[in-house]
Amino acid sequence: MIPFNKPHLTGKETAYIEEAVRSGKISGDGMFTKKCHAFFENNYSMRKALLTTSCTDALEMSALLANIQPGDEVIVPSYTFVSTANAFVLRGAHIVFADSRSDHPGIDEDLVEKLITARTKAIVVVHYAGVACDMDKINSIADQHNLLVIEDAAQAIDSFYKGRPLGTLGHMSAFSFHETKNIQCGEGGLLAINHERFIQRAEIIREKGTNRSAFFRGEVDKYGWVDIGSSFLPSEIVAAFLFAQLENINSIQQRRREIWNRYHVALKPLADQGKLKLPVIPDFASNNAHMFYVLTENLHERSALIEHMKAAGSFPVFHYLSLHKSPFYTDKHQGGDMPHSDRYMDTLLRLPLFVDMSDAETDRVIESIIGYFAK
Ligand SMILES: *Cc1c(COP(=O)(O)O)cnc(C)c1O
């Protein structure tokens, strides 16, 4: 069976973990955490990078930094992972859902302005499949209405908008290093801060509401409880694993792109015949090969295709259920229908894609899809 995902190991992970353990310092913000922070700040021009224990945590930090109060409204795409919305609901926000683009599962930028009210505090965008939203449009709407922009860049490491790294275009952004993402450490995340005014408070929130970080830099002579916060920082064991991945990011990305392109070339004829749709990458966006998906005609066809592919030995998976229809939110949702989000919910199918997947395995997945449509 070809699985949907198999976490890739670069070979250095356990050696670095051992180094962290031997150093005697395995709580957070040690040598490996600093190396990871420097990597992100130097390679992706993030103003401030802070490792967290998950992307969910980074999103929760961003809700705290945005000072979300009960009753505030936050605009979020319906077609996304639970955490994108839940992080703000925890602060008492009302989520105003937006539909996806017709050509891409990302938020339809042209719908956002109509959703803004006097209570709106922030727009959260999701760079679905690592493909950028139109950030010039989003940022200009946010500027006009004095709103914060938060990027859920969980899938968007090493991807770009008009040449600028994703995660550096909003006020702050959240990345995931869950084992299903391009760069992974089992469970892990990153909060990137792009505006000076949030940095000091971010460090405090991440350290249980204390100014411990400033204390260790010698900026204050004692540390104490100065704000609300929680324990958002990972241990050095996690950072050591992550650094081994980051050192190999170029080869990881290159192999993922090869597999992505192999799928694209081989499935293009089916798309040309109108049998399925392939991912669209807008001109302003790069492709970090986080995901290769196809869109089927309808739900029935997707179910049949999944059955066919499983019988032929591979394991494709569908993705999100529209959040505005979720059991938790359906009676709180005050907006209208989200036809595109619902369409991706019913028809989007993600194909196996992982670094250690061979060309022969990729071809087996491709052949099973071609076989299905030849029936
Ligand atoms: C994976 C993912 C998350 C959650 O990441 P964790 O690190 O597991 O918390 C959030 N949003 C999106 C869009 C994701 O793909």
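Residues numbered from 1 in each chain as written. Predicted model: local features only at pLDDT ≥ 70, side-chain atom pairs only at ≥ 80, totals over all residues. Heavy atoms only, no water.

So, about the sheet that holds strand 4 (residues 120-126). Read across the sheet, 7 strands follow the order 1-9-8-5-4-2-3 without closing on themselves; strand pairing throughout is mixed. Either end of the sheet is taken by a strand with one partner, and the two such strands are strand 1 (48-52) and strand 3 (94-98). Adjacent strand axes in the sheet meet at a mean angle of 20 degrees, parallel and antiparallel pairs treated alike. With 3 bridges connecting them, strand 5 (residues 148-152) and strand 8 (residues 172-176) associate as parallel partners. (Pairing = 2+ DSSP bridges. Helix = DSSP H or I, 4+ residues; strand = E, 2+ residues; numbered from the N terminus. Axes fitted to C-alpha atoms, helices over the stretch in contact; angles between N-to-C directions.)

Quick look at the domain arrangement of the protein now. You can read the domains of the protein as domain 1 (13-246) and domain 2 (249-374). Relative to domain 2, the C-alpha centre of domain 1 lies at a distance of 26 Å. The set of elements that each furnish at least two residues to the side of domain 1 that touches domain 2 consists of helix 4 (82-89), strand 3, strand 6 (160-161) and helix 9 (236-246). Looking at the side of domain 1 that touches domain 2 element by element, the count peaks at 4 residues for strand 3. Taken together, the residues of the side of domain 1 that touches domain 2 sort by class into 23 nonpolar, 12 polar and 7 charged. (Domains from an automatic or database assignment. Nonpolar A, V, L, I, M, F, W, Y, C, P; charged D, E, K, R; others polar.)

Once that is clear, we can look at the site of the ligand. Not every one of the 15 residues close to the ligand is listed here, only the nearest: Thr56, Asp152, Gln155, Ser176 and Lys181. Between Lys181 and the ligand, the recorded distance is 3.3 Å, taken from a side-chain N or O atom to an oxygen atom. If the ligand stood free it would expose 390 Å²; the protein chains cover 92% of that surface. If you map the ligand onto the pockets, it falls in the largest pocket. Of the residues belonging to the shell around the ligand, the class tally is 5 nonpolar, 8 polar and 2 charged. (Near = heavy atom within 4 Å. Polar contact = N/O pair within 3.5 Å; in protein donor to acceptor, adjacent residues only side chain to side chain. Areas by Shrake-Rupley, 256 points an atom, 1.4 Å probe, with all protein chains shown as cover. 1 Å grid on protein atoms, 1.4 Å probe; cavity = no way out; pocket = protein on both sides within 12 Å on 5 of 7 lines; lining within 4 Å. Sits in = over half its atoms within 2 Å of the grid points.)

A few words on the pairing of strand 8. Burial within strand 8 is extensive, with 5 of its 5 residues counted as buried. Pairing analysis gives 5 bridges linking strand 8 to strand 9 (residues 189-193), with the strands arranged antiparallel. Paired with Phe175 across the strands is Leu190, a residue of strand 9. (Buried < 20%, exposed > 50% of the residue type's maximum accessible area, 1.4 Å probe, protein only.)

The terminal C-alpha atoms of helix 13 (residues 359-374), which comprises 16 residues, lie 22 Å apart, in line with the 22 Å expected from a rise of 1.5 Å per residue. Residues Thr362, Val365, Ile366, Ser368, Ile369, Tyr372 and Phe373 constitute the buried set of helix 13. Taken end-on, helix 13 shows its buried residues confined to a sector of 155 degrees, consistent with a single buried face. Among the exposed residues of helix 13, those oriented more than 90 degrees off its buried face are Ala360, Glu367 and Ala374. Check the buried side of helix 13 and you find it contacts helix 10 (249-272) and helix 11 (299-311). (Expected span 1.5 Å × (residues − 1). Arc of directions from axis to C-beta. Contact = heavy atoms within 4.5 Å.)

This next bit is on the packing of helix 3 (residues 55-65) against helix 7 (residues 196-206). When two helices pack together, their arrangement is given by the angle between the helix axes and by the axis-to-axis distance. At a closest axis distance of 10 Å, the pairing of helix 3 and helix 7 adopts a crossing angle of 125 degrees. Taken as axis vectors, helix 3 and helix 7 run oblique relative to one another. Two packed elements cross with a definite hand, and for helix 3 against helix 7 that hand is right-handed. Between helix 3 and helix 7, the residues in contact are Met61, Leu64 and Leu65 and Phe198, Arg201, Ala202, Ile205 and Arg206, respectively. Taken together, the residues that form the contact of helix 3 with helix 7 break down as 6 nonpolar, no polar and 2 charged. (Parallel < 35°, antiparallel > 145°, perpendicular 65-115°, else oblique. Left-handed = near helix turned anticlockwise from the far one by under 90°.)

Take helix 7 next. Among the residues making up helix 7, those that are buried are Phe198, Ile199, Ala202, Glu203, Ile204, Ile205 and Arg206. Backbone geometry just after helix 7 places Lys208 at a positive phi near 60 degrees.

Now for the layout of surface pockets. By volume, the largest pocket is sized at about 480 Å³. Phe81, His178, Thr180, Lys181 and Tyr320 are the residues nearest the centre of the largest pocket, which is lined by 29 residues in total. Elements with a minimum of two residues in the lining of the largest pocket: helix 3 and helix 4. Considering every element that reaches the lining of the largest pocket, the biggest residue donor is helix 3, with 3 residues. Each residue belonging to the lining of the largest pocket can be placed in one class, and the counts come to 11 nonpolar, 13 polar and 5 charged. Roughly 340 Å³ of internal volume is contained in the second largest pocket. Lining the second largest pocket are 16 residues; nearest its centre among them are Asp29, Lys34, Ser213, Phe216 and Arg217. Elements supplying a minimum of two residues to the lining of the second largest pocket: helix 2 (31-43), strand 1, helix 7 and helix 8 (212-216). (Points joined across faces, edges and corners; volume = space filled by probe spheres on them.)

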